[in-house]
Amino acid sequence: EINLDALTHNLSVVRQHASQAKIMAVIKANAYGHGMLQVARHLEEKVDALAVACIEEALVLRQAGIKSRLVILQGFHHQQHLVLCDKYQLEPVCHQYWQVEMLLAATLTQAINIWLKADTGMHRLGMSVDETQLACEHLSNHKNIQKIHLMSHFANADQVDHALNVQQLESFNQLQATLK
């Protein structure tokens, strides 16, 4: 059971702690079992973007009339996924360099926003820092790309004082500083 008032309250707490930040609500896996459509409809006007795990989840939201920016955390796995990203203005995450190569070779009808996921220390998904730099170089000013966003994933985000958080943040900030 989801209490939408509590969800709104939690979002206000996030905004208090990060007043200048844009907020992306992750609603993958049916909003962690709480009802993806219900949560998406409730948050659509309150957050800057919504994130889902896969293309299929994004299509459910688009077909239900959700107009928000939609980030696809798994990215895409084949050319047909890119066609759907193009058609529905979905924002895929590229976490492997082969995805970058596929994007460079694609024929899209319009430029899309993408996210480059850098592995700064979690070692689960993401390109190396060097691959991320190379991807950014190759994708900058490419006809298929409207805007490139950079992201990473903290291995110990739930442990505020964990030493790896500091190392990952430093790595991410250094990477960001080297990119145009």
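First, a word on what this report is: a plain description of the structure on this page.

Cut-offs used in this document
- Sequence positions are assigned chain by chain, starting from 1 and proceeding in written order.
- Local features in a predicted model are, by the rule used here, given only for residues with pLDDT of at least 70; side-chain atom pairs are given and counted only at 80 or more, and totals for whole chains, interfaces and linings are based on all residues.
- Side-chain numbers here rest on the full set of heavy atoms in the structure, without hydrogens or water.
- Each residue is placed in one exposure class: buried if its accessible area under a 1.4 Å probe, protein chains only, is under 20% of its type's maximum, exposed if it is over 50%, and partly exposed if it falls in between.
- Every helix listed is a DSSP run of H or I at least four residues long, and every strand listed is a run of E at least two residues long, numbered separately from the N terminus.
- Throughout, a contact is declared for two residues whenever any of their heavy atoms are within 4.5 Å.
- Note on geometry: axes are lines fitted to C-alpha atoms, helical ones only across the stretch in contact, with angles between N-to-C directions running from 0 to 180 degrees.
- The scheme is simple: roughly parallel for angles under 35 degrees, roughly antiparallel for over 145, roughly perpendicular for 65 to 115, oblique for anything else.
- With the far helix as reference, a near helix turned anticlockwise by less than a right angle produces a left-handed crossing, and one turned clockwise produces a right-handed crossing.
- Residues are grouped as follows: Ala, Val, Leu, Ile, Met, Phe, Trp, Tyr, Cys and Pro are nonpolar; Asp, Glu, Lys and Arg are charged; every other residue, Gly included, is polar.
- In this scheme, strands are said to pair when DSSP sees at least two bridges between them.
- Whether a crossover is right-handed depends on one test, that the path from the first strand over the helix to the second runs clockwise when the strands point away from the viewer.
- We count a salt bridge whenever a side-chain nitrogen from Lys or Arg sits within 4 Å of a carboxyl oxygen from Asp or Glu.

## Here we look at helix α4 (residues 55–63)
Residues of α4 that are buried: I55, E57, A58, L59, L61 and R62. The inward-facing, buried residues of α4 contact α2 (28–33), α3 (36–43), β2 (49–52), β3 (70–72), α5 (79–88) and β4 (90–94). Positioned one or two residues after α4, G65 has a phi angle of 95 degrees, which is positive.

## Considering the packing of α3 against α4
With their axes 11 Å apart at the nearest point, α3 and α4 run at an angle of 60 degrees to one another. For the element pair α3 / α4, the angle class is oblique. The two elements α3 and α4 meet at a crossing, and its hand is right-handed. Together, M36, L37 and A40 of α3 and E57, V60 and L61 of α4 make up the contact between the two elements. Among the residues making up the contact of α3 with α4, the classes are represented as five nonpolar, no polar and one charged.

## Points about the pairing of strand β5 (residues 112–117)
Counting buried positions along β5 yields six of six residues, so the element is predominantly enclosed. Side chains I112, I114 and L116 of β5 all project onto a buried face; the interleaved residues N113, W115 and K117 project onto the opposite face, where all are buried too. Relative to β5, β4 is paired through two bridges, and the arrangement is parallel. Among the inter-strand pairings, C94 is bridged to a residue of β5, identified as L116. In this fold, β4 hands off to helix α6 (residues 97–105), which returns the chain to β5; that crossover is right-handed.

## Quick look at the pattern of salt bridges
Under the counting rule described, the total for this entry stands at one salt bridge. Between R69 and E91 there is a salt bridge; the shortest N-O distance is 2.8 Å. Note that R69 is positioned in the loop between α4 and β3 and E91 in strand β4, a separation of 22 residues in sequence. Owing to a relative accessible area of 28%, R69 belongs among the partly exposed residues under this scheme.

## Notes on the packing of α6 against helix α7 (residues 129–139)
Direction vectors running N to C along α6 and α7 enclose 5 degrees, while the axes themselves pass 10 Å from each other. The angle between α6 and α7 places the two elements in the roughly parallel class. For the pair α6 and α7, the contacting residues are Y97, V100, L103 and L104 in the first and E131, L134, A135, H138 and L139 in the second. In terms of residue class, the contact of α6 with α7 is made up of seven nonpolar, one polar and one charged.

## Observations regarding unusual backbone geometry
With a phi angle near 50 degrees, Q89 is a residue other than glycine that sits in the positive phi range. Within the secondary structure layout, Q89 lies in the loop between α5 and β4. On the basis of relative accessibility, which here comes to 30%, the residue Q89 falls in the partly exposed class. Unlike most non-glycine residues, N141 shows phi in positive territory, near 65 degrees. Looking at the secondary structure, you find N141 in the loop between α7 and β6 (145–151). Using a relative accessible area of 83% as the deciding quantity, one classes N141 as exposed.

## Some details on the sheet that holds β4
Strand order across the open sheet formed by six strands is β1-β2-β3-β4-β5-β6, with parallel pairing between neighbours. Where the open sheet ends on each side, the last strands, each with one partner, are β1 (24–26) and β6. Between one strand axis and the next, the sheet turns by 25 degrees as a mean value, whatever way the strands run. Direction of pairing for β2 relative to β3: parallel, over a ladder of three bridges. Looking at β3, one finds that V52 is bridged to I72. Across the sheet, α5 is in contact with β4 and β5; its angle to β4 comes to roughly 140 degrees.

No statement about biological role is implied by the geometric values presented.
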